[in-house]
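Survey of secondary and tertiary structure
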Amino acid sequence: MDPVIKINPGGSKWDIRQKVWDYIEEKNLANFPRPVHNRIPNFKGAFGACAKVSELQAFTHTSEVKVDPDKPLEGARLAVLQARKTLLVPTPRLRTGLFNRITPPQGASKEQLRICSSSQGVKDFSVPVGLDAKIKIDLMVVGSVAVSEKGFRIGKGEGFADLEYGMMASMGAVNESTVVVTVVHDCQVMDIPEDLMGSHDLTVDYILTPTRVIKTDCQLPKPRGIIWNKLDTEKLQKIPILKKLRALEEQAGKDVTLGAVPVAAEAGLHASQPKRQTRRRPRPNTQQDAEGESSQDSRLEKRIEGEPKARQHLTRMSKESRGDGKAGNEQETGKTIKGKSRGNTKEQVPEEGGNEVKSQRKLHLSVTTVYLGGIPAGLRVSELKTALREREATPLRLTWQGAQHRAFLDYSDPQAADQALEALQGLSLNGHSLQAELAKSQRGGRKSGQFSRRPKPAAAPKSEESAPDAKRQERTEKSRMSDSYAS
């Protein structure tokens, strides 16, 4: 069967994901939840495709099966429970552990098993499984966005399936004989170039669709454990169980050296310890001008100008020294606590960290900032990071302002910024085209989006942008929350 979705030569994983998501939405091939962008698609016919897992010979010989918590795999979880096998489900985003064992009530009826296989049932009838548990998984079912008949798999871009397999391999829970199955719509089967696959990428042995059962005979090896140099300290902070597993492997004499964190991001993380600095800010206003600036910037400027000089000095120090990515996420969500905005927490001045402030000032002397506008509502910062990574436009630091539909990308020098601008031309996320250009304060004589090696145009008339507007954006860029880039 010829693939219905064609991949452009030189396309990235992110390009493939976008094509699949757009096609499924355009052809109305999905059930709830919609839209399918940034998800494992819950395609129509998923339940019937999942039922085919019980027909596999590997299924009949297994006693413990691991199935991902994605909605389209609910039928596979039900098939495992109906066969009275042990069902293991990963903890969502690995927040509280690796996975849970689903334990239905004794003598559960088919309806009760159906409830246990749902997302709510996974929460209500689960028991955590520790790292020291002696388990042997013979078969596992994972979700995919795209897959090839050769067994190459592309997930939604966050890497959890790959990481989960690496962790299970380190625990001895899986090995070369473990069978990996994925369940997708027929349109998600396509020709994926082998050069897009990395050493950490999980491959699959069987593909189940509403019309076919495909045995891949994949020739690429599966990960034999966690590849620690592909992780950094930020990832360990987000997934506590990784810290425990790393300590165990270090005691066993294994190399657990982490990958390097960009210098600017590392400085931001260090400056945020031991306390997280926050500042009082006005309620976000989503009304923006053509350059992506919001009216809250002018209110912030007036507030600062009206403060005593001593407080202005403390405000500047706090802005330059903070680098807590979590604060940036809170700015994005805009959630409230006891009726007050989280972003309105009274600012605290760090008791220590003067050296960090100085080092950050030195760092920013050569940094060139790119403005990224048009970010669609609902997009997660992790999804933007994935797109940047795949386009080889990874910044030293990413400043996320999702509530204002924008982000700022810091690069080491103008040449690196120009290369990133070229790579980001035509970037589209969730069906929205993003606008990449130099930040206002760093454009100089260049027009937005123009690269430095091209001839410089005549200076633009100053009437297009008043001096107070330019100063306002410069102040906004200096005061924005920073989010260190995860590799």
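Refer to the structure above for everything that follows.
Here's what I pulled together on the structure shown here. (Residues numbered from 1 in each chain as written. Predicted model: local features only at pLDDT ≥ 70, side-chain atom pairs only at ≥ 80, totals over all residues. Heavy atoms only, no water.)

Check the secondary structure of the protein and you find 17 helices and 19 strands. The buried share among the 487 residues of the protein stands at 51%. A separation of at least 24 residues holds for 71% of the contacts in the protein among residues at least 6 apart in sequence. Total accessible area on the protein is roughly 23,700 Å²; 50% of this is exposed by carbon and sulfur atoms. (Helix = DSSP H or I, 4+ residues; strand = E, 2+ residues; numbered from the N terminus. Buried < 20%, exposed > 50% of the residue type's maximum accessible area, 1.4 Å probe, protein only. Contact = heavy atoms within 4.5 Å. Areas by Shrake-Rupley, 256 points an atom, 1.4 Å probe, with all protein chains shown as cover.)

Here strand β8 (residues 179-183) lies mainly inside the structure; 5 of its 5 residues are buried. With burial as the criterion, each face of β8 is covered, one bearing Val 179, Val 181 and Val 183 and the other bearing Val 180 and Thr 182. Here 4 bridges tie strand β5 (residues 139-142) to β8, and the two strands are oriented parallel to one another. Following the sheet pairing, Leu 139 is matched in β8 by Val 179. Bridge analysis of β8 against strand β9 (residues 206-208) gives 3 bridges, and the strand direction is parallel. Paired with Thr 182 across the strands is Ile 207, a residue of β9. (Pairing = 2+ DSSP bridges.)

Two modes of strand pairing occur in sheets, parallel and antiparallel, and in both the strands are linked by backbone hydrogen bonds. Pairing is mixed across the open sheet formed by 8 strands, whose spatial order is β4-β3-β2-β1-β5-β8-β9-β10. Of all strands in the sheet, those with a lone pairing partner are β4 (126-129) and β10 (213-215), marking the two edges. Going across the sheet, the axis of each strand differs from the next one's by a mean of 25°, ignoring polarity. Pairing of strand β1 (residues 64-67) with strand β2 (residues 86-90) involves 3 bridges; the strand directions are parallel. Residue pairing across strands places Glu 64 opposite Thr 86, the latter belonging to β2. (Axes fitted to C-alpha atoms, helices over the stretch in contact; angles between N-to-C directions.)

One finds Leu 384 and Leu 424 to be the most contacted residues of the largest nonpolar core, which totals 43 residues. Elements represented by at least two residues in this core include exactly α1 (13-26), β13 (368-373), α15 (381-390), β14 (397-401), β15 (406-411), α16 (414-424) and β18 (435-438). When residues in this core are grouped by element, the largest group, 5 residues, is from α1. In this structure Leu 424 touches Leu 372, Leu 388, Arg 391, Ala 393, Leu 409, Tyr 411 and Ala 436, once residues within four positions along its chain are discounted. In terms of nonpolar packing, the next biggest core, distinct from the first, is built from 36 residues, Met 140, Ala 169, Val 204 and Trp 228 among them. (Core = buried A, V, L, I, M, F, W, Y, C linked by side-chain atoms within 4.5 Å.)

Right, let's get into the packing of aromatic side chains. Here the structure, examined in full by the defined rule, presents 2 aromatic pairs. Arranged with centres 5.9 Å apart and planes meeting at 80°, the rings of Trp 14 and Trp 21 form a pair that is edge-to-face. With a relative accessible area of 1%, Trp 14 lands in the buried category. The ring of Phe 59 has Lys 85 lying over it, and the distance from NZ or CZ to the ring centre is 5.1 Å. (Phe/Tyr/Trp six-rings, centres within 6.5 Å; stacked < 30°, edge-to-face > 60°. Lys NZ or Arg CZ within 6 Å of the ring centre and 35° of its normal.)

This part is about helix α7 (residues 160-171). Here α7 spans 16 Å end to end across 12 residues, near enough to the 16 Å set by a 1.5 Å rise per residue. Counting buried positions along α7 yields 10 of 12 residues, so the element is predominantly enclosed. Of the residues making up α7, those classed as buried are Phe 160, Ala 161, Asp 162, Leu 163, Glu 164, Tyr 165, Gly 166, Met 167, Met 168 and Ala 169. Of the residues trailing α7, Gly 172 is marked for its positive phi of about 85°. (Expected span 1.5 Å × (residues − 1).)

Residue Pro 33 is bonded to the preceding Phe 32 through a cis peptide linkage, with omega at 0°. Assignment of secondary structure puts Pro 33 in the loop between α1 and α2 (46-51). Residues Arg 34 and Pro 35 are joined by a peptide bond in cis, for which omega reads -5°. Looking at the secondary structure, you find Pro 35 in the loop between α1 and α2. Even without glycine at this site, Arg 84 takes up a positive phi of about 60°.

Our next topic: the packing of α1 against α15. Following both chains from N to C, one finds α1 and α15 inclined at 125°, their axes separated by 8 Å at the closest point. Overall, the two elements α1 and α15 adopt an arrangement that is oblique. In contact with Lys 13, Trp 14 and Arg 17 of α1, α15 contributes Glu 383, Thr 386, Ala 387 and Glu 390. Looking at the contact of α1 with α15 residue by residue, the class counts come to 2 nonpolar, 1 polar and 4 charged. (Parallel < 35°, antiparallel > 145°, perpendicular 65-115°, else oblique. Nonpolar A, V, L, I, M, F, W, Y, C, P; charged D, E, K, R; others polar.)

The next point concerns the pairing of β5. Every regular strand shows the same layout, with side chains that alternate between the two sheet faces. Taking every second residue as pointing to the same face, both faces of β5 are buried, with Leu 139 and Val 141 on one and Met 140 and Val 142 on the other. With 3 bridges joining them, β1 and β5 adopt parallel strand pairing. Bridging from a neighbouring strand, Lys 66 pairs with Met 140 of β5.

This next bit is on the pattern of salt bridges. Scanning the entire structure with this criterion turns up 18 salt bridges. Close ionic contact of Arg 34 with Glu 25 constitutes a salt bridge, the shortest N to O distance being 2.9 Å. Where Glu 164 meets Lys 66, a salt bridge forms, and the shortest distance between an N and an O atom there is 3.2 Å. Placement of the pair is Glu 164 in helix α7 and Lys 66 in strand β1, with a sequence separation of 98 residues. Across this residue pair, the class does not change: Glu 164 and Lys 66 are buried. Sharing partners across several salt bridges, the network here consists of Lys 66, Asp 68 and Glu 164. (Salt bridge = Lys/Arg side-chain N within 4 Å of Asp/Glu carboxyl O.)

Time to look at helix α5 (residues 110-117). Owing to its 3.6 residues per turn, the α-helix aligns residues three or four sequence positions apart on the same side. Inspection of α5 places Leu 113, Cys 116 and Ser 117 among the buried residues, and these make up the whole buried set. All buried residues of α5 lie within an arc of 95° about the axis, which places them on one face of the element. Of the surrounding elements, those touching the buried residues of α5 are α4 (74-82), β3 (99-102) and α6 (119-124). (Arc of directions from axis to C-beta.)

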